[in-house]
2 protein chains.
Amino acid sequence: MARFMDIHRGMRGITADQLMAAHQADLAIEQEESVHFEHAWADPESGTVYCLSEAPSADAVQRVHERAGHRADEVHPVPFEV
Amino acid sequence: MARFMDIHRGMRGITADQLMAAHQADLAIEQEESVHFEHAWADPESGTVYCLSEAPSADAVQRVHERAGHRADEVHPVPFEV
């Protein structure tokens, strides 16, 4: 397992409720890919959403997002953190 | 005070020690701008570093990073999180 940060763009105007709904859609199926989405942050002005996860691979992260209906634009492993 | 996520690019090959040193350089002066850097994550492969902070403004976040010698490429408010 490793940690990943992914970025969704083009989400201008996203509301707190929509962020919660998108996150819940990920949580509902994440176990099937052995992924856990820990946290998400949204900037409605630039339309950027960041998701932090624990997962076996970037592909697994993307599969959950795709199945939940919101493909990520970038998925990066973040092996270092402070 | 609000929460911000900022992104540094072009940090390919960054090590865990270098991430820690950069974060410490921010922490050493952040109080002068009423900023607090809470967490940072690094992807040495793509050269991307993400920093999460509490700050009075995006400009204050950038001023700390600039004075610490590592200007951010993007600083976004993230008013929503889950």
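Keep in mind that what you see is a predicted model, and the values were worked out from it rather than measured.

**Quick word on the overall build of chain A**
Stage number 1. The secondary structure content of chain A amounts to two helices and five strands.
Stage number 2. Helices and strands in chain A line up, N terminus first, as β-α-β-β-α-β-β.
Stage number 3. At 12 Å, chain A has a C-alpha radius of gyration in line with the 12 Å of a compact globule built from 82 residues.
Stage number 4. In terms of principal-axis extent, the alpha carbons of chain A reach across some 35 × 30 × 20 Å.
Stage number 5. Split into buried and exposed, the 82 residues of chain A put 49% on the buried side.
Stage number 6. Partitioning the contacts of chain A with sequence separation of at least 6, the portion at a separation of at least 24 is 67%.
Stage number 7. Here chain A displays about 3800 Å² of accessible surface, and carbon together with sulfur accounts for 49% of that area.

**Side note on the relation of the copies chain A and chain B**
Two chain copies here: they are related by a rotation about an axis and a translation along the same axis.
Stage number 1. In screw terms, the move from chain A to chain B is a rotation of 180 degrees and a rise of 0.0 Å along the axis, fitting with an RMSD of 0.0 Å. As the rotation angle and translation indicate, the two copies are arranged about a two-fold axis. In terms of C-alpha distance to the rotation axis, chain A has Tyr 50 of chain A as its closest residue, with the C-alpha 4.9 Å off the axis.
Stage number 2. Here 100% of the interface residues in chain A have copies in chain B that are interface residues too; the copies meet face to matching face.

**Comments concerning the confidence of the model for chain A**
Stage number 1. For chain A, the mean per-residue pLDDT works out to 97, and 100% of the residues sit at or above 70.
Stage number 2. Predicted complex metrics record ipTM = 0.89 and pTM = 0.93.

**Thoughts on the environment of Ser 57 of chain A**
Residue and element names in this part refer to chain A.
Stage number 1. By the element assignment, Ser 57 lies in the loop between strand E3 (48-55) and helix H2 (58-67).
Stage number 2. Of the residues examined, Ser 57 reaches a relative accessible area of 25% and is grouped as partly exposed.
Stage number 3. Within polar-contact distance, the side chain of Ser 57 engages the backbone nitrogen of Ala 60 at 3.0 Å.

Calculation rules
Residues numbered from 1 in each chain as written. Chains lettered and ligands numbered in written order. Predicted model: local features only at pLDDT ≥ 70, side-chain atom pairs only at ≥ 80, totals over all residues. Heavy atoms only, no water. Helix = DSSP H or I, 4+ residues; strand = E, 2+ residues; numbered from the N terminus. Rg over C-alpha atoms; globule rule 2.2 N^0.38 Å. Buried < 20%, exposed > 50% of the residue type's maximum accessible area, 1.4 Å probe, protein only. Contact = heavy atoms within 4.5 Å. Areas by Shrake-Rupley, 256 points an atom, 1.4 Å probe, with all protein chains shown as cover. Least-squares fit on C-alpha atoms with pLDDT ≥ 70 in both. pLDDT = per-residue confidence, 0-100. Polar contact = N/O pair within 3.5 Å; in protein donor to acceptor, adjacent residues only side chain to side chain.

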